[in-house]
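Chain and residue survey
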Amino acid sequence: MKTGKVFAEVKESICLKPGFYRLVLKASQMAKEAKPGQFAMLWPTKSQEPLLGRPISLHGIDQKKGEVSFLYQTVGRGTALLANLEAGNEIGILGPLGNGFTLQSNAKKVVLVAGGIGIAPLLPLAAALKNEGKKVELLFGAAKCDFLVGMDAFADLGCAVAVATVDGSLGQKGLATDLLKDSLAKERPGHIYACGPKPMLKAVAEIATESGIPCQISLEERMGCGFGVCMGCVCHQKDENGKEKLARVCKEGPVFEADEVIWHG
Amino acid sequence: MVDLTVELAGLRLKNPVLLASGTCGYGRELSEYFDLASLGGIMVKGTTLRPRSGNITPRIAETPAGLLNSVGLQNPGVKKVIETEIPWLAKQGLGIIVNIAGESPADYAAMAETLDPVAGIDALEVNISCPNVEAGGLAFGTDAKVAADIISWVRAKTKLPVIAKLSPNVTDITEIARAVEAAGADIISLINTLQGMVIDVETGKPVLSRMMGGLSGPAVKPVAVRMVWQVYKAVKTPIIGMGGITTAADALEFIMAGAKAVAIGSATLTNPCAALNVAEGLAEWLVAKGVANINELVGIAHRG
């Protein structure tokens, strides 16, 4: 049986840059079970307010210490409440949830494309890929320098890191997808993984499909339950016959094969 | 050992705690978290004659102590449910109640006829109260004559206990309750969601793609308890109460107001084990209070 909602102790809650936070929780069971690309539902309070958990992807999985960490951006009421947490507080957690990334064993080099806070789930993936001895390159884009958080940990793992900002305040002026085009021109990777805003994911998916490189993307959606019963977070997918079908981002995802996603709008 | 078994018009349940339709799918996801056999039963996702893909997202909006949903009855259709879901559910050891929703009285009748002989099904819950569909749904459940018509169509096509699921979006809930009782409903379940809206002040637009949705969660509980109380006084038909139940104490409020069984809805979305916790909590409460049989509590709030 999976573990239902439990309460976990906050080990650390720190602001990395205005609007960006890292949260470390004591959660041995989750740390034991979690895979890169999975997420957890977090309830910042023990009361019925707010009622619903907030789906936040796992940023760190430390089995030895029995800890999991999350990197998030404050976007509304729930994340604002999370940001107020202090070490020693208890919060509600449910997870790990979702499918997670598939690690490609035959690829020698892989490219990770991150847009803004989309970098969060890619860190445990990078750690797992480096662990398998792969060459890993992180291509990280954001609107401006202030929104680039968390890339040092990738460099520490031995990943090559390239940065782009729309306003040119750090790295190359442009988009993460510009970095991807440059990278593909230099060396063809065996696999691409991406997480970020939808327009970026759509562009990455198109580039990967055109180049014939396998690509997995992690989608974000407003969720009710996080484990597949409320049908609140559906997205459009192609089935094996190419026909449109609905998939739950929380259950069949959040990671999907890029060529299976149907992009509306 | 306390006795938690309840019997509603031939529907026997090992305890009075059910999973409410639309918050538990067909049970598979929740079975990963606890043994479904610990519950009295499951009211499966609203099922329609033909498959429905539901409404476009956003389908969910959080509200103070509650949430709005406008999923729009996404489901694989009755044929697929009979083929793939019921046989699996029938092995799980809990009562199976199939929630049916139609666009016309004939839809309901056709589904009742199709489901009647299917092994494993214990009752049909007639959803005349979904606020999130274009045709039928809420419109059926807010007109006493139409509601009664649909119940009698279903009644004529099945020997299974027929549960009428009422909408709270009416002026007088007892009028609808009397009408469905007279039309042959064996059991009444209430409440479905209350119609609501949330507007994003940054965009100036409703959050939900379909503008309006159904409100559920702790916020609706007092409304639901009040309606169970009123319906208990108005009809003889046994009641399944639901609306914002999160704890055993919440469930007891419904039972004391007159419900013989209760269903757990939105609370499941905030904890997959919510219904299990309510069932266990009820047993503990009875032991602590020295009540031998849960049925002793049904409707006690009405005693002078």
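Presented here is a report on the structure given in the accompanying data block. Since this is a predicted model, take the numbers as computed values, not measurements.

1. Overview of the packing of helix α8 (residues 248-257) of chain B against helix α10 (residues 274-289) of chain B
Residue and element names in this part refer to chain B. Viewed as axis vectors pointing N to C, α8 and α10 meet at an angle of 70°, and their least axial separation amounts to 8 Å. Overall, the two elements α8 and α10 adopt an arrangement that is roughly perpendicular. Two secondary-structure elements touch here, α8 through A248, A251, L252, I255 and M256 and α10 through V278, G281, L282 and W285. Looking at the contact of α8 with α10 residue by residue, the classes come out as 8 nonpolar, 1 polar and no charged.

2. Observations regarding the sheet that holds strand β14 (residues 212-216) of chain B
Residues and elements named next belong to chain B. Spatially, 4 strands are ordered β5-β6-β14-β11 in an open sheet, and the strand pairing comes out antiparallel. Edge strands, defined here as strands with exactly one partner in the open sheet, are β5 (60-63) and β11 (194-197). Adjacent strand axes in the sheet meet at a mean angle of 40° when their direction is disregarded. As paired elements, β5 and strand β6 (residues 66-69) share 4 bridges and run antiparallel to each other. Directly across from A61, in β6, lies its bridge partner L68.

3. Focus: the interface of chain A and chain B
Counting residues at the interface gives 29 residues for chain A and 33 residues for chain B. Between chain A and chain B, the buried area comes to about 2,700 Å², and carbon and sulfur atoms account for 61% of it. Among the residues chain A hides against chain B, the three largest losses belong to L51(A), F227(A) and V229(A). Together they make up 23% of the total. Between the two partners, chain A and chain B, sit 5 salt bridges. Between R77(A) and E62(B) there is a salt bridge, with its nearest N and O atoms 3.5 Å apart. At the boundary of chain A with chain B, the tally comes to 10 residue pairs in polar contact (both at pLDDT 80 or more). Broken down by secondary-structure element, the contributors of at least two residues to the side of chain A that touches chain B are β6 (90-97) and β14 (244-248) of chain A.

Conventions used here
- Residues numbered from 1 in each chain as written.
- Chains lettered and ligands numbered in written order.
- Predicted model: local features only at pLDDT ≥ 70, side-chain atom pairs only at ≥ 80, totals over all residues.
- Heavy atoms only, no water.
- Axes fitted to C-alpha atoms, helices over the stretch in contact; angles between N-to-C directions.
- Helix = DSSP H or I, 4+ residues; strand = E, 2+ residues; numbered from the N terminus.
- Parallel < 35°, antiparallel > 145°, perpendicular 65-115°, else oblique.
- Contact = heavy atoms within 4.5 Å.
- Nonpolar A, V, L, I, M, F, W, Y, C, P; charged D, E, K, R; others polar.
- Pairing = 2+ DSSP bridges.
- Buried area = accessible area lost by both parts, 1.4 Å probe.
- Salt bridge = Lys/Arg side-chain N within 4 Å of Asp/Glu carboxyl O.
- Polar contact = N/O pair within 3.5 Å; in protein donor to acceptor, adjacent residues only side chain to side chain.

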